[in-house]
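# Fold and contact review
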Amino acid sequence: MDPWDRKLAITWAALLGATIAVMLVLLLTGDKSLNFTLVIFLIVVKFLSGFGNVIGIAGVTIFLLSKFEPQFRGEENKKKLRLLLVFMVLIVFILLAYQGPYKIADSIIKMSRGESGNTDNLLDQVLFVYGIVSLMWSLYIQPLWKGDFVAATTVTTGDMIKKGLSDVKNRFKKKVYEMKKDYAKVEITEQQALQGHLKTIRQRLAVVMMLFLGAGTLVFTPICAALVFGWIRIFFITSRKPHKYETAILVGACVALCAIAGIMPFVLEFTSFYQTIQGAYFWTYIAQFSGLLIGAIIYLRKYLGPIMAKRKEQQIKNLKDEKAELERERAELAKQKKQIAKEHQKLKKQVTKSNGS
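Here is a short report on the structure shown in this document. In this text the structure is predicted, and so the values were computed from the model without any measurement.

Moving on: the overall build of the protein chain. Scanning the protein chain for helices and strands turns up 10 helices and zero strands. Along the protein chain, from the amino end to the carboxyl end, the secondary structure elements read α-α-α-α-α-α-α-α-α-α. A burial count over the protein chain gives 37% of its 357 residues as buried. Put simply, of all contacts in the protein chain between residues at least 6 apart along the chain, 81% involve residues at least 24 apart. Only carbon and sulfur atoms are counted for the fraction: they give 66% of the accessible area of the protein chain, which is about 21,600 Å².

Bringing the packing of helix α2 (residues 38-67) against helix α3 (residues 78-112) into the picture now. Where α2 meets α3, the axes come as close as 11 Å, and the angle between the chain directions of the two elements is 160°. By the angle class used here, α2 and α3 are roughly antiparallel. With respect to the hand of their crossing, α2 and α3 are arranged in right-handed fashion. Across the interface between the two elements, Asn53, Ile57, Val60, Thr61, Leu64 and Leu65 from α2 touch Leu81, Leu84, Leu85, Met88, Ile91, Val92 and Leu95 from α3. Tallied by class, the residues present in the contact of α2 with α3 amount to 11 nonpolar, two polar and no charged.

In this section: the environment of Ala259. Here Ala259 shows up in helix α8 (residues 244-267). Residue classification places Ala259 among the partly exposed positions, given a relative accessible area of 47%. Put simply, Ala259 and Val133 are 126 residues apart on the chain and 8.3 Å apart in space, counted from C-alpha to C-alpha.

So, about the pattern of salt bridges. In this structure the tally under the stated criterion is two salt bridges. Linking Glu246 and Arg233 is a salt bridge whose minimum nitrogen-to-oxygen distance equals 2.8 Å. Of the two residues, Glu246 is situated in helix α8 and Arg233 in helix α7 (residues 221-235); the sequence distance between them amounts to 13 residues. Judged by its relative accessible area of 1%, Glu246 falls in the buried class. With its nearest N and O atoms 2.5 Å apart, the salt bridge here joins Arg328 to Glu325.

Membership of the largest hydrophobic core comes to 38 residues, with the highest contact counts inside it found for Phe41, Leu48, Tyr140 and Leu227. Where this core is concerned, the elements lending two or more residues are α1 (3-29), α2, α4 (122-146), α6 (183-216), α7 and α8. Setting aside residues up to four positions removed in sequence, Phe41 forms contacts with Leu213, Gly216, Thr217, Leu257, Ala261 and Met264. Ile62, Val92, Leu194 and Tyr303 belong to the second-largest nonpolar core, a separate cluster that totals 19 residues.

Across its 35 residues, α3 extends 50 Å between first and last C-alpha, which sits within 8% of the 51 Å expected from 1.5 Å per residue. A maximum bend of about 30° is found in α3 at Lys103. Downstream of α3 by a residue or two, Gly114 has a phi angle that is positive, lying close to 85°.

Cut-offs used in this document
- Residues numbered from 1 in each chain as written.
- Predicted model: local features only at pLDDT ≥ 70, side-chain atom pairs only at ≥ 80, totals over all residues.
- Heavy atoms only, no water.
- Helix = DSSP H or I, 4+ residues; strand = E, 2+ residues; numbered from the N terminus.
- Buried < 20%, exposed > 50% of the residue type's maximum accessible area, 1.4 Å probe, protein only.
- Contact = heavy atoms within 4.5 Å.
- Areas by Shrake-Rupley, 256 points an atom, 1.4 Å probe, with all protein chains shown as cover.
- Axes fitted to C-alpha atoms, helices over the stretch in contact; angles between N-to-C directions.
- Parallel < 35°, antiparallel > 145°, perpendicular 65-115°, else oblique.
- Left-handed = near helix turned anticlockwise from the far one by under 90°.
- Nonpolar A, V, L, I, M, F, W, Y, C, P; charged D, E, K, R; others polar.
- Salt bridge = Lys/Arg side-chain N within 4 Å of Asp/Glu carboxyl O.
- Core = buried A, V, L, I, M, F, W, Y, C linked by side-chain atoms within 4.5 Å.
- Expected span 1.5 Å × (residues − 1).
- Bend = angle between axes of the 7 residues up to and from the residue.

Structure (structure tokens):
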């Protein structure tokens, strides 16, 4: 082991050893001064999970279209496909209404009565556990283990070429499916592209949010140290790639977070954390709604944008056709008018000739 690697290993060992000691002291003394940092953690994960809900809707759409693809094939089933897509878009708006006006207003009403701002029911708790575990797995654990975590933040020339070729391939596939009237596969291609775009944005957000997750877990000092120093190691000490033991430490910290978050909703009321953060639930709902809203705007703009553009093109085409039809009618009327004038002149001459004779 060269001096640089030895120094790095000593730094990791000292950092983790010191933070474990600090956490033990806090637990043994019952100190609650760091409990407020858990609010940051909740706000960050709620924001990311709200954004992830939109990706989940795209995933459900892809699943339904793939599973029941024959039901949406052909011109005669185009109406079914349209109804399914309208229904999925309605779900986005229902979620926005539920996570936004309903949850936030309910939280405000409860706080105005002097109660906790927590309005989560059992379904919300289960969804939160599923959301945070799937979130940590897809955004941190899996990418870190595979070495793809940093790749989301850097776009190389090769990535741009690959994306360009992928876009061309998708457009070609869509044209072929449209010619075959296989509208389900057309929509699957579109939804997969949207889902990939949203996942890339969420992964980039996750990289930035890693530092805030670390700050939010300050009460669990070893996890905080692992996330913050890991973030610094990945983005600032770039001369050497992270070692396997560093990746293992980061993955371990994320797994520990999953375990803590998994039991948190069900035991929180019985812990010292609850009193500290119960007034902050209002902000967690705003964070979740914000993540959902940003994801929904990106999704709907990407999804509805081409549809509206096509509709506009069709409207312009219809107007041009109507204009051309009006021009033809005008020309026909002018021709008829000319013919009537000619016949009138002829009739006038005949009347004059008749009167003269």
